[in-house]
Each structure stands twice: as structure tokens, then as C-alpha cells.
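Coordinate inspection notes
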Amino acid sequence: MDVLTPDRILTIAGFLGVLVLAWAVIRHKRAPLSARLAAGRSLELTETLNLGGDSRALLLKAEGQTVLVVMGRRSGTALTLLPQAEGAAA
């Protein structure tokens, strides 16, 4: 019983060829795909800051509002709605 028969080698080569082709198409069309995926989202991560230890601050935009989230493993999570600057478009 042969483990590597010609039909198995061709099947594996074909499968790897399809994977490489899919990878190349996705890499080539990365910008339009990411724009299309992000179009329907209402939550956007603007910035992340490591505060030291296990604490982290996240700046989120949700439905036109800016939210500051401070979270830590032992300290819990705090949410703060930040006021919008005057003259800034939402």
C-alpha cells in the first residue's frame, strides 16, 4: 500500500494551489474588502493605551459618541462618555 500515490500528490498540489490563489486574491483586494467590512460597523476602536500592569484604556467611537473605557483584570471596567468638542463634526 503506497502512501504517496500520484493521485494523492495531485490532489494535495491542487488544494495548495487553490489556497495560494485565494491568498493572492485577498492580498490584492485587501483595501476594498476591509472598507466593505467596516462600512456597516457602528463601533470603532480609535486608540488603545497600556496603563501598566494589567490595566488598559480604550478610546471607542460608538454611534457618533466617544467613549473612554478603562479596564483591568482586578479593578473591573469603567466607562466614561466624553463630551464632544464644539465645532467638531460627529
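To start, this report covers the structure provided alongside it. (Residues numbered from 1 in each chain as written. Predicted model: local features only at pLDDT ≥ 70, side-chain atom pairs only at ≥ 80, totals over all residues. Heavy atoms only, no water.)

Here the focus is the environment of Leu 45. One can find Leu 45 in strand β1 (residues 43-52). Sequence spacing of Leu 45 and Gly 17 is 28 residues, and the spatial spacing of their C-alpha atoms is 36 Å. Leu 45 has contacts with Leu 58, Leu 59 and Leu 60, leaving out every residue within four places of it along the chain. (Helix = DSSP H or I, 4+ residues; strand = E, 2+ residues; numbered from the N terminus. Contact = heavy atoms within 4.5 Å.)

Moving on, we get to unusual backbone geometry. Of note, the phi angle at Glu 63 is positive, near 50 degrees, even though the residue is not glycine. With respect to the helices and strands, the residue Glu 63 is situated in the loop between β2 (55-62) and β3 (65-72).

Turning our eyes to something else, we now look at the pairing of β3. Sheet analysis places β2 next to β3, joined by eight bridges and oriented antiparallel. Directly across from Ser 55, in β3, lies its bridge partner Gly 72. Between β2 and β3, which pair antiparallel and follow one another directly, the connecting turn spans two residues, one of which, Glu 63, has a positive phi of 50 degrees. The turn linking β3 back onto strand β4 (residues 76-82) is made up of three residues. (Pairing = 2+ DSSP bridges.)

Bringing the sheet that holds β2 into the picture now. What the four strands build is an open sheet, ordered β1-β2-β3-β4; its pairing is antiparallel. The open sheet has two edge strands, β1 and β4, and neither has a second partner. Adjacent strand axes in the sheet meet at a mean angle of 20 degrees when their direction is disregarded. Sheet analysis places β1 next to β2, joined by eight bridges and oriented antiparallel. The partner of Leu 49 across the bridge, within β2, is Ala 57. (Axes fitted to C-alpha atoms, helices over the stretch in contact; angles between N-to-C directions.)

With respect to the helices, strands and loops of the structure, Asp 54 is situated in the loop between β1 and β2. Note: C-alpha distance between Asp 54 and Ile 9 (45 residues apart in sequence) is 49 Å.

Shape is all these values report; function is a separate question.
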